[in-house]
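# Remarks on the overall topology
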Amino acid sequence: MRRGWRGPLALGGAFFLFYLYHLAPDMQWGDSARLSRVAYEGEFDFVTGGGHGLTGVVGWIFGHLPCEHPWTQNLACAFLAASALFCLACFLTGVGMGFPAAALSCGALGVSHTFWFVAVLHESYALVALTFILFLWSSWRLLAAPSAGRMLALVLAGAAGLLNHHIFLLFVGTAFL
């Protein structure tokens, strides 16, 4: 696991700059506009399937930056997507993949149309990707060497995923199979 953080951190930083360059300057229609309004008003919905409560909390935090609100919401997703790629690179190198192969894998995901879209426009799926990778990583670590701390990390990653999107129930359910 101690393969170094410099490479993954450089990769995540490079993708953050890439997403920052392509960042949408405003809101679009539909979910991204609704999520931006929720973050602006601070009325988070953790219960319904489309509430994306944790995305709202992150958006509310980023909304305090001294910039236009729509831009800060898109910035939050760029940060989350770059963080997801950083964590994925750490996970892949941790399970034994060489950094060049991990960087290529993360790069392919990072520039894919769908991932790029959720990284430059306010959507809940950048945080879904991050929490899923953290859940996967903590599951692997727990299986490799069980401990109370690693179980707590798995529970927290699962809880974060569930607080953001109910699709995470599918991922959490697989932990018990």
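Every chain begins its residue count from 1, and numbering advances along the sequence as written. For this predicted model, a pLDDT threshold of at least 70 governs which residues receive local features, and a threshold of 80 or more governs which side-chain atom pairs are given and counted, while totals over whole chains, interfaces and linings are taken from all residues. Think of the side-chain values as coming from all heavy atoms in the structure, minus any hydrogens and water.

### Things to note about the overall build of the protein
Applicable threshold: Here a strand is any run of E in DSSP of at least two residues, a helix any run of H or I of at least four, and the numbering for each starts at the N terminus. Every radius of gyration here is taken over C-alpha atoms, with the globule rule written as 2.2 Å times N^0.38, N being the number of residues. Per-residue accessibility, obtained with a 1.4 Å probe over protein chains only, is compared with the maximum for each type, and a residue is labelled buried under 20%, exposed over 50%, and partly exposed between these values. Working rule for contacts: check all heavy atoms of both residues, and any pair within 4.5 Å makes them a contact. Where accessible areas are quoted, they stem from the Shrake-Rupley method and a 1.4 Å probe; at the residue level, only the protein chains shown are allowed to cover. In this charge count, Lys and Arg are treated as positive and Asp and Glu as negative; neither His nor the chain ends contribute. By convention, charge coordinates are those of NZ in Lys, CZ in Arg, CG in Asp, or CD in Glu.
Within the protein, the secondary structure is distributed over nine helices and zero strands. Along the protein, from the amino end to the carboxyl end, the secondary structure elements read α-α-α-α-α-α-α-α-α. A compact globule built from 177 residues would reach a C-alpha radius of gyration of about 16 Å, and the protein, at 16 Å, matches this within 12%. A total of 177 residues make up the protein; the buried ones form 44% of that total. By sequence separation, contacts in the protein at least 24 residues apart represent 68% of the contacts at least 6 residues apart. Of the roughly 9,200 Å² of accessible surface on the protein, 73% is carried by carbon and sulfur atoms. The averaged location of the 7 negative side-chain charges in the protein is 27 Å from the averaged location of its 7 positive side-chain charges.

### Describing helix α1 (residues 6-22)
Stated precisely, the cut-off is as follows: Each residue after the first adds 1.5 Å to the expected span of a helix. It is the directions from the helix axis to the C-beta atoms that the arc portrays.
Its 17 residues give α1 an end-to-end C-alpha distance of 24 Å, which sits within 8% of 24 Å, the value for a rise of 1.5 Å per residue. Taken together, the buried positions of α1 are Pro-8, Leu-11, Gly-12, Phe-15 and Tyr-19. Take α1 and look down its axis: the buried residues cluster within an arc of 95 degrees, on one side only. More than 90 degrees from the buried face of α1, the exposed residues found are Arg-6, Leu-9, Leu-17 and Tyr-21. Buried residues in α1 make contact with α4 (69-94), α5 (99-111) and α6 (113-120).

### What about the packing of aromatic side chains?
What counts here: Aromatic rings from Phe, Tyr and Trp, taking only the six-membered ring of Trp, are treated as a pair when their centres fall within 6.5 Å; an angle between ring planes under 30 degrees marks them as stacked, one over 60 as edge-to-face, and anything in between as tilted.
Taken as a whole and assessed by the stated rule, the structure comprises eight aromatic pairs. Ring centres of Trp-5 and Phe-86 lie 5.5 Å apart, and the angle between their planes is 35 degrees; this geometry places the pair in the tilted category. Taken as a pair, Trp-5 in the segment before α1 and Phe-86 in helix α4 lie far apart in primary sequence, 81 residues in all. You can call Trp-5 partly exposed: its relative accessible area is 48%. Overall, the relative accessible area of 17% leaves Phe-86 in the buried class. On the basis of an interplanar angle of 85 degrees and a centroid distance of 6.4 Å, the ring pair of Phe-16 and Phe-79 is categorised as edge-to-face. Residue Phe-16 is found in helix α1, and its partner Phe-79 is found in helix α4; the two are separated by 63 residues along the sequence. Aromatic ring contacts, followed pair by pair, group Trp-5, Phe-86 and Trp-137 into a single cluster.

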